[in-house]
Amino acid sequence: MDTHKGVLVCGEMAEGRLAPITIELLGIGRKLSDQLGETLSILLMGSKTGSLGQEAIAYGADKVYVAEDGLLDHYNSDAYTQVAANLCLKVLPSIMLLGHTDIGCDLAPRLNGRLGGGLSMDCLSLSIDPTTQLLLATRPVFGGNAHATVVSRSARPQMATIRPKIVPPAVRNESRQGEVIPVEDKLDPSAIKVKVVDRIKEEVEGVKLEDAEVVVSGGRGIGSAQNFGMLRELARVLGGAVGGTRPACDEGWVPASAQVGQSGKVVSPKLYIAVALSGAMSHIAGCLGSKYIVAINKDKEANIFNVAHFGIVADYKEVLPALTAKLKELLSA
Amino acid sequence: MHTIVCVKQVPDPEIPPAKFKIDPEAKKVIPPPGVPPVISVYDERAVEAACRLKDKHKGKITVISMGTGKVSDVVRHALSMGADEGFVLEDEAFENLDSFGTAYVLGKAIQKIGGYDLVLCGRQAADWGAGQVGSILAEMLGIPVITLACGIEVVEKNIRVKRIVKDGYEVLEAPMPSVVTVSSEIGLPRLPAGMSLMLARKKQIPVWKAKDIGADLSELDRTKAHTEITGLSVPTRKTECEIVTGNTPNEAAVNLALKLSKLI
Amino acid sequence: MASREVFWNISYGYVVYLLAGLAIAIWLFSFYRRYQLWRQGRPDERSQEIRKRIGIFIRTTIVDVFFHRKFLRNPFSGIMHLTIFWGFVVLLLASAIDAVSYYSGLHLIGTPYLWFSLIVDLGGILILIGLIMAIYRRYVLRPKGLSTILDDGIVLTSLVVILITGYMVEGLRQAVTEIKPHPDWAVWSPGGWVFAKIFIEMGQEGLRLWHKFLWWFHSALTIGAILYSGLAFSKLQHIIVSPLNIFFRSLGPVGTPAPIDIEKAETLGVGSVRDFTWKQLLDLDACTNCGRCEDACPAWATGKPLSPRKVVQDLKAHMLRAADNPSNQPESTPPLVGEAPGESEIWSCTTCGACQETCPVYVEHIVKIIDLRRHLVMAQSRMPETAQLMLRNMQSRGHPWAGLQSLRLRGDWTSGQDLKILAEGESVNTLFWVGCTGALVERNVKATLSMTRVMKTAGIDFGVLGEAETCCGDPARRAGYEFQFQIMAEQNIEMFKSHNVQEIITSCPHCYHTIKNEYPKYGGDFKVLHYTQLIADLIGQGRLKLTHELSSIITYQDPCYLGRYNGIYREPRQVLQAIPKTRLREMERSRNMSFCCGGGGGHMWIEEQPGTTKINFMRIEDVLKTQADTVVTACPYCLQMFEEGIEHKGIQDSVKARDLIEVVEAAMKQS
């Protein structure tokens with residue numbers, strides 16, 4: 001497989017800057033490419049990339065491929081796949097890294113399908129096997145109950161999407177040198193079959209779940225949308241956000257956008273209060289990064305107590321009002 | 001309109017973590033006895049999505065499932081929800097395939113069925129959760145794909161999909177046929193009822209082997225797999241949980257509040 | 001010789017008989033039209049086993065009609081109805097005797113005549129007392145469960161007027177023929193005598209004229225009342241419809257819905273009036289709107305939207321509407337479940353059976369509600385979210401405890417216990433069927449383990465299915481998801497047979513009822529025992545000795561599916577009374593009048609509809625009134641519900657909820 005060399009990061013931009021996940025990818029990408037003794041490149045796609053190429057170099061990229069096109073202004077699966085696939089066929093990277101974001105989740109498998117590589121999604125850690133020089137990707141399986149290590153022996157590129165906030169971001173170094181290379185190939189608009197008709201932003205009341213310092217989550221045990229009011233009240237007192245497990249979202253008690261877990265949002269607040277949820281691994285996977293986890297559950301055998309730092313074994317309906325009232329009193333003092 | 005839905009049978013995702021056992025050598029999960037496998041949650045929602053389209057636009061739903069054992073159970077479940085026809089893909093050559101192998105077999109079966117307008121898959125399987133079969137399948141079939149759908153409609157000749165993104169959703173349109181992968185946000189699957197429930201009990205579910213769908217066995221050669229699982233482990237993460245108590249739940253709550261106020 | 005002349009002072013009196021005959025003919029015709037209404041329904045097997053039915057009918061008539069067993073549970077309304085009923089029986093017989101004596105010429109004379117007069121007069125007075133009580137109750141007391149319509153007023157007023165004018169007619173006659181010549185006869189007709197005394201000052205002419213006028217008025221009103229009740233199908237019709245309904249009452253166990261042949265059924269459950277059976281439609285007419293069911297209903301008592309009375313009356317309105325729409329076009333009739341009754345009513349029912357137990361005319365509410373649920377669930381996919389969650393779980397995991405799966409598994413409770421867990425194909429004579437709650441819910445597992453230890457001590461050779469046990473199907477059936485019930489029933493029967501099971505001991509009354517009374521329809525005939533029966537038997541045989549003093553005051557909750565559904569009241573009490581130094585104190589509502597815990601009919605999982613309180617919270621108050629320190633039950637749902645109720649009230653220190661078997665085990669231990 002000597003034909004394929006180097007690590008290629010697929011960058012994402014947010015509000016004119018490199019997205020945090022991209023800086024994280026550059027960090028891990030740098031490590032991997034140093035171990036292999038190969039170069040680290042990054043692909044930036046957009047209508048205007050400005051000085052972000054230099055930014056990427058400062059964060060560790062040796063080469064920056066910049067594809068600028070009006071059609072790349074927003075993420076479009078067909079357009080991005082086309083550009084990235086063409087670049088891969090040209091530069092033949094050995095490893096390709098993407099963020100496990102809504103872009104990466106869509107782009108990575110398509111790219112993989114087109115290139116015939118070997119992809120691991122939602123990786124928690126990446127390393128290089130010292131003897132085979134192959135990429136070892138560790139990812140959760142069975143809803144987080146187990147971790148699998150995945151290897152691509154012959155397929156190239158070896159691809160991985162990495163969960164945000166799992167690896168440390170790269171350190172910025174202004175003095176780093178690198179090369180910004182414009183991607184010359186023009187996009188073929190006829191290959192863009194999927195059209196974006198609309199983008200709807202769902203306004204979240206109060207603090208955004210991902211940014212909240214405190215998250216109060218409820219599960220199936222809450223019983224009704226109305227009862228979630230108690231959680232909302234507690235979150236309000238603590239200046240936090242409300243989340244829910246998949247069953248709670250399925251029931252419509254909390255909006256789907258507030259789902260915490262492997263197939264929803266991954267949060268890492270200072271304090272995570274898990275109310276009346278048993279703690280399925282797929283849910284815990286979404287909150288394990290929290291500094292403190294508090295569990296309130298009737299059932300003392302609930303799995304959530306295995307990961308919680310504090311717990312109360314009781315019916316949440318009898319706990320939350322007093323907890324909220326007392327916290328309100330303590331915090332206003 | 002003709003929708004083909006790909007479904008998978010998986011070990012029950014609600015197995016208690018304490019009961020979750022693996023065989024690290026064989027890299028397999030050992031399901032606890034007495035816990036029957038279920039239809040993968042996202043796939044069940046894909047069936048639901050297909051049924052909703054059928055409710056609105058009529059047409060036909062075909063369900064396919066690859067696997068071994070009593071896979072026909074999940075196909076029958078889909079039939080009882082409202083699918084019209086179902087096939088099981090079972091062959092020794094289909095065992096332990098990676099995402100490419102799976103997509104290849106499903107693609108062959110879909111081509112054999114033919115005449116479809118839409119292919120639906122779950123966003124990922126509830127077991128290995130690779131999350132890529134739908135996209136690879138679309139590349140193989142040479143048709144567009146939209147992932148993470150939380151709503152699907154038909155608008156004239158196009159399929160219009162709401163796709164989840166982190167701060168809301170996008171509305172995308174693609175010509176038919178297309179592949180769409182469905183996320184759980186699409187809504188709760190229906191409880192099998194009515195006529196479909198009665199019909200599903202009697203329905204024949206043919207089993208297709210590699211040769212029935214014209215699959216090239218060399219494509220399924222395990223030595224050429226794109227990915228391989230080389231390790232499987234159960235992460236240990238046991239925190240010492242301090243149970244806060246009190247004479248009443250009320251008192252316990254107050255004690256907890258005192259502790260928490262010092263942390264934040 | 002004392003006697004009186006029939007049709008005294010009246011010419012053409014026979015006209016009354018002619019008119020009455022005509023009125024009765026019209027009355028019968030109205031029945032025929034009503035019969036046509038009932039015939040809209042599907043066939044039912046209720047016309048079979050006629051001999052058995054006649055026997056049961058006679059027994060029911062004696063106990064519930066002549067002696068008013070059910071009515072007298074409420075003394076006021078019971079006595080009220082009793083007086084009216086017996087009064088009318090007397091008057092009816094009297095009229096018949098009058099007619100016979102007039103045409104046969106065999107007149108009652110002398111002392112028998114006097115006694116006859118007295119009895120007839122007293123009969124009328126009885127009715128009057130009853131009517132006054134009824135008027136007082138309906139218009140002054142106005143009890144909550146009683147809804148009043150125009151018909152009630154018309155019926156009560158006309159009956160009072162008929163009776164009073166009857167006495168007036170008698171008094172006018174007596175004023176002429178008895179008061180002076182035979183004052184000793186007059187007092188034998190006390191009702192008439194009062195009026196005779198009042199009218200005596202009137203001249204002969206006046207008396208005769210008034211007599212003639214009032215006589216015809218009284219007769220016309222009576223015939224008018226018959227005509228009215230026929231044409232308006234007034235509540236008076238219950239005189240005929242109620243016995244008819246009693247005759248065709250269900251002979252089987254309470255609340256057992258008919259199986260659906262899923263493969264052949266044209267409709268699933270009841271979606272329109274014509275999907276009911278004719279007997280179910282007859283039920284709707286038999287209902288007199290008396291409200292006894294409403295008073296007994298735990299859902300109604302706790303402020304839920306359900307009143308069994310209203311459901312029946314609403315369905316009756318649908319039946320009448322359907323008759324006006326013979327073409328059966330569904331578009332022109334509103335859906336059966338929607339406005340009235342509403343879905344929330346149908347989902348409030350815990351199938352506890354209190355309504356049926358209390359209904360004097362044997363209306364069968366539960367099966368109707370289950371039939372309506374069947375249509376909602378299977379044909380329309382409409383049900384509360386919690387019901388759907390439960391049903392989905394039964395479908396994919398074989399038990400209704402959604403969410404519990406992630407805590408523990410079915411066979412977990414057996415670990416570390418020395419039990420015979422049946423391997424595939426292994427035979428056993430006696431199977432201990434644990435039930436989902438007993439196997440999966442921590443609190444109930446304790447009771448299950450008690451049970452196995454007690455049985456072992458008693459030397460019973462039994463096996464358990466462990467992880468191979470699934471749900472019996474009860475929650476699915478009560479929630480209307482017949483499809484899942486049938487699958488589970490068939491699977492379980494097959495499994496019992498594969499282990500050559502002869503006898504099944506259940507700890508859950510719901511499993512008990514389902515396996516014992518409902519499985520036979522699917523080919524599963526096994527000897528089924530509830531553990532309370534077994535334990536009572538073992539104590540009787542001396543194989544179990546309860547020697548340890550418990551010094552406890554116990555009250556016992558009759559689980560609905562054990563008591564009302566299966567009549568097991570005696571055995572649990574025998575067991576409790578066998579414990580030394582233990583006092584059994586009954587709650588005010590107990591045995592067949594017991595009040596539900598709130599957990600039946602799928603409500604262990606289906607969330608209670610919003611109301612003023614929860615059923616188990618209300619029931620725990622009954623427990624507290626007995627000042628018992630322990631509430632004992634023999635049902636895992638009740639146990640759960642009481643635990644929750646006790647926790648809610650914060651009285652864990654003073655009252656404990658225990659399963660009967662736990663108490664038995666405690667009483668076995670040597671101190």
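In every chain, residue numbers begin from 1 and rise along the written sequence. Ligands are numbered from 1 and chains lettered from A, in the order in which they are written. Per-residue local features of the predicted model are confined to residues with pLDDT of at least 70, and side-chain atom pairs are confined, for both listing and counting, to 80 or more; whole-chain, interface and lining totals are unaffected and use all residues.

K.L.:
Account for the overall build of chain B, with residues named and values stated.
P.N.:
To qualify as a helix, a DSSP run of H or I must reach at least 4 residues; to qualify as a strand, a run of E must reach at least 2; elements of each kind are numbered from the N terminus. Helices and strands together make up the secondary structure of chain B, namely six helices and 15 strands. Counting other C-beta atoms within 10 Å of a residue's own tells you its class, since 20 or more makes it buried, 12 or fewer makes it exposed, and anything in between is partly exposed; those C-beta atoms are placed from the backbone. Looking at chain B as a whole, 55% of its 264 residues are labelled buried. Contacts are defined on C-beta atoms placed from the backbone: any two residues whose C-beta positions lie within 7 Å are in contact. Of the contacts made within chain B by residues no fewer than 6 positions apart, 70% connect residues no fewer than 24 positions apart.

K.L.:
Describe the overall build of chain A, and please don't skip the residues or the numbers.
P.N.:
Scanning chain A for helices and strands turns up nine helices and 18 strands. In terms of overall dimensions, chain A has C-alpha extents of about 65 × 45 × 40 Å along its principal axes. Within the span of chain A, comprising 333 residues, buried residues form 58% of the whole.

K.L.:
Please give an account of the interface of chain C and chain A that cites residues and values.
P.N.:
Taken together, the contact between chain C and chain A spans eight residues of the former and 11 residues of the latter. Considering only residue class, the side of chain C that touches chain A consists of one nonpolar, two polar and five charged. Each residue gets one label: Ala, Val, Leu, Ile, Met, Phe, Trp, Tyr, Cys and Pro are nonpolar, Asp, Glu, Lys and Arg are charged, and the others, such as Gly, are polar.

K.L.:
Go over the sheet that holds strand S7 (residues 118–123) of chain A, please, and point to the residues and values.
P.N.:
Residues and elements named next belong to chain A. Strands sit in the order S7-S11-S6-S1-S4-S5-S12 across an open sheet of seven strands; the sheet is parallel. Where the open sheet ends on each side, the last strands, each with one partner, are S7 and strand S12 (179–182). Looking at each pair of strands side by side, their axes are set apart by 20° on average, direction ignored. On the sheet, helix H3 (residues 77–91) packs against strand S1 (7–10), strand S4 (40–46), strand S5 (63–68) and strand S6 (95–99) and is oriented at approximately 155° with respect to S4. Only the stretch in contact is used when fitting a helix axis, every axis being a line fitted to C-alpha atoms; angles between N-to-C directions are given from 0 to 180 degrees. Its contacts with the sheet put helix H4 (residues 102–115) on S1, S6, S7 and strand S11 (158–162), and the angle it makes with S11 is roughly 170°. Two strands pair under a simple rule: DSSP has to find at least two bridges between them.

K.L.:
Give a detailed account of the pairing of strand S9 (residues 145–155) of chain B, specifying residues and quantitative values.
P.N.:
Residue and element names in this part refer to chain B. Across three bridges, S9 lies against strand S12 (residues 178–182) in parallel orientation. Residue Ile146 lies in a different strand from S12, and its bridge partner there is Val180. Inspection of the sheet shows S9 paired to strand S10 (residues 158–165) by six bridges, in the antiparallel sense. Within the sheet, the bridge partner assigned to Val154 lies in S10 and is Ile159. What sits between S9 and S10 in their antiparallel hairpin is a turn of two residues, with Glu156 showing a positive phi close to 50°.

K.L.:
Quick rundown of helix H3 (residues 99–113) of chain B? Include the residues and the values.
P.N.:
All names here are of chain B. Working rule for helices: expected span equals 1.5 Å times residues minus one. Helix length check: H3 (15 residues) gives 21 Å between terminal C-alpha atoms against 21 Å at 1.5 Å per residue, within 8%. Summarising burial for H3: 12 of the 15 residues are buried, a large majority. Turning to H3, its buried residues are Ser99, Phe100, Gly101, Thr102, Ala103, Tyr104, Val105, Leu106, Gly107, Lys108, Ala109 and Ile110. Those residues of H3 hidden inside the fold are in contact with strand S1 (2–7), strand S6 (60–66), strand S7 (85–89), strand S8 (118–122), helix H4 (133–141) and strand S13 (207–208). The first or second residue beyond H3 is Gly114, which carries a positive phi of 65°.

K.L.:
Pulling in residues and values, what's your account of the sheet that holds strand S5 (residues 582–584) of chain C?
P.N.:
Residue and element names in this part refer to chain C. Judged by pairing direction, the sheet is parallel, and its four strands sit side by side in the order S5-S4-S6-S7 without closing on themselves. Both outer strands of the open sheet, S5 and strand S7 (656–659), are each paired with one neighbouring strand and no more. Pairwise comparison of adjacent strand axes, ignoring direction, gives a mean angle of 35° for this sheet. The pairing of strand S6 (residues 630–633) with S7 spans four bridges and is classified as parallel. Residue pairing across strands places Thr633 opposite Asp659, the latter belonging to S7.

K.L.:
Kindly report on the environment of Glu219(B), identifying the contributing residues and their values.
P.N.:
Residue and element names in this part refer to chain B. Within the secondary structure, Glu219 sits in the loop between S13 and strand S14 (228–233). What makes Glu219 partly exposed here is the crowd of 15 C-beta atoms within 10 Å. Counting along the chain gives 115 residues from Glu219 to Tyr104, while the straight-line C-alpha distance between them is 8.0 Å.

K.L.:
Run through the nonpolar core, naming residues and quoting values.
P.N.:
Soluble globular proteins tend to pack their nonpolar side chains together in the buried interior. The biggest cluster of nonpolar side chains holds 332 residues, and the ones touching the most others in it are Leu97(A), Val275(A) and Val5(B). With near-sequence residues (within four places) excluded, Val275(A) lies in contact with Val216(A), Ser217(A), Gly218(A), Ile222(A), Leu231(A), Ile296(A), Tyr316(A) and Leu320(A). The next biggest cluster of nonpolar side chains, apart from the first, holds 21 residues, and it includes Met80(C), Leu163(C), Val169(C) and Trp193(C). By convention the nonpolar core is taken to be a set of buried residues drawn from Ala, Val, Leu, Ile, Met, Phe, Trp, Tyr and Cys and joined through C-beta atoms within 7 Å.

K.L.:
Describe the packing of helix H9 (residues 238–247) of chain C against helix H10 (residues 278–286) of chain C, and please don't skip the residues or the numbers.
P.N.:
Residue and element names in this part refer to chain C. Axis separation between H9 and H10 bottoms out at 9 Å; the angle between their running directions is 145°. As H9 runs across H10, the sense of the crossing is left-handed. Across the interface between the two elements, His238, Val241, Ser242, Leu244 and Asn245 of H9 pack against Leu282, Asp283, Asp285 and Ala286 of H10. Residue composition of the contact of H9 with H10, by class: four nonpolar, three polar and two charged. Put simply, a crossing is left-handed when the front helix is turned counterclockwise from the back one by less than a right angle, and right-handed when it is turned clockwise.

K.L.:
Go over the interface of chain B and chain A, please, and point to the residues and values.
P.N.:
Every contact between the two is made by 70 residues of chain B and, on the other side, 73 residues of chain A. Contributions of two or more residues to the side of chain B that touches chain A are made by H4, S9, S10, strand S11 (168–175), S14, strand S15 (242–243) and helix H6 (249–263) of chain B. Considered class by class, the residues forming the side of chain B that touches chain A number 40 nonpolar, 15 polar and 15 charged. Pairing analysis gives six bridges linking strand S13 (residues 195–201) of chain A to S11(B), with the strands arranged antiparallel. By the bridge assignment for S11(B), Arg199(A) is matched with Glu170(B).

K.L.:
Residue-level account of the environment of Ile159(B), with values.
P.N.:
All names here are of chain B. Residue position: Ile159 is located in strand S10. Exposure remark for Ile159: the 26 C-beta atoms within 10 Å place this residue in the buried category. Along the backbone, Ile159 and Thr102 are 57 residues apart, and their C-alpha atoms lie at a distance of 25 Å. Leave out the neighbours within four places in its chain, and Ile159 touches Leu118, Ile152, Val154, Ala174, Met176, Ser178 and Val180.

K.L.:
So, the packing of helix H23 (residues 531–541) of chain C against helix H24 (residues 570–577) of chain C: which residues are in play, and what are the values?
P.N.:
Packed helices, taken two at a time, are described by their axes: the angle between them and the distance between them. Residues and elements named next belong to chain C. It is the contact of H23 with H24, at a shortest axis distance of 8 Å, that shows an interaxial angle of 45°. Here H23 is positioned oblique relative to H24, judged by the angle of their axes. The way H23 lies across H24 gives a crossing that is left-handed. Judged by residue contacts, Thr532, Gln533, Ile535, Ala536 and Ile539 of H23 engage Glu571, Pro572, Gln574 and Val575 from H24. Taken together, the residues that form the contact of H23 with H24 break down as five nonpolar, three polar and one charged. Roughly parallel means an angle under 35 degrees; roughly antiparallel, over 145; roughly perpendicular, 65 to 115; everything else is oblique.

K.L.:
For unusual backbone geometry, give the residues involved together with the corresponding values.
P.N.:
Residue Pro157(A) follows Arg156(A) across a cis peptide bond; omega there is -5°. Here the bond from Met176(B) into Pro177(B) is cis, since omega is 0°, no more than 30 degrees from zero. Its location among the elements puts Pro177(B) in the loop between S11 and S12. Its identity as a non-glycine residue notwithstanding, Asp122(A) has a phi of 60°, on the positive side. Inspection of the secondary structure assignment puts Asp122(A) in strand S7. By the C-beta count within 10 Å, which is 26 here, Asp122(A) ends up buried.

K.L.:
How would you summarise the pairing of S12(B) if you had to cite specific residues and measurements?
P.N.:
Residues and elements named next belong to chain B. Burial of S12 is extensive: five of the five residues sit out of reach of the surface. As paired elements, S8 and S12 share five bridges and run parallel to each other. For Cys121, the partnering residue across the bridge sits in S12 and is Thr181.

K.L.:
Describe the domain arrangement of chain A, and please don't skip the residues or the numbers.
P.N.:
All names here are of chain A. The split of the chain into domains comes from an automatic or database domain assignment. Taken domain by domain, chain A consists of domain 1 (7–191) and domain 2 (209–332). Taking the mean C-alpha position of each, domain 1 and domain 2 sit 34 Å from one another. Facing the seven residues of domain 1 at the interface are nine residues of domain 2. For the side of domain 1 that touches domain 2, the residue count by class is two nonpolar, three polar and two charged.

K.L.:
Tell me about the environment of Cys560(C), and please be specific about residues and values.
P.N.:
Residue and element names in this part refer to chain C. Residue placement: Cys560 occurs in the loop between strand S4 (552–556) and H24. For Cys560, a count of 32 C-beta atoms within 10 Å corresponds to the buried category. Sequence separation of Cys560 and Val89 is 471 residues, and the distance between their C-alpha atoms is 36 Å. Here Cys560 is in contact with Cys352, Gly353, Tyr565, Cys596 and Gly600, once residues within four sequence places are set aside.

K.L.:
With reference to specific residues and values, describe helix H16 (residues 365–379) of chain C.
P.N.:
Residue and element names in this part refer to chain C. Here H16 is 15 residues long and its end C-alpha atoms lie 21 Å apart, about the 21 Å a rise of 1.5 Å per residue gives. With 14 of 15 residues buried, H16 is to be regarded as a mostly interior element. Positive backbone phi, at 60°, marks Ser381, one or two positions downstream of H16.

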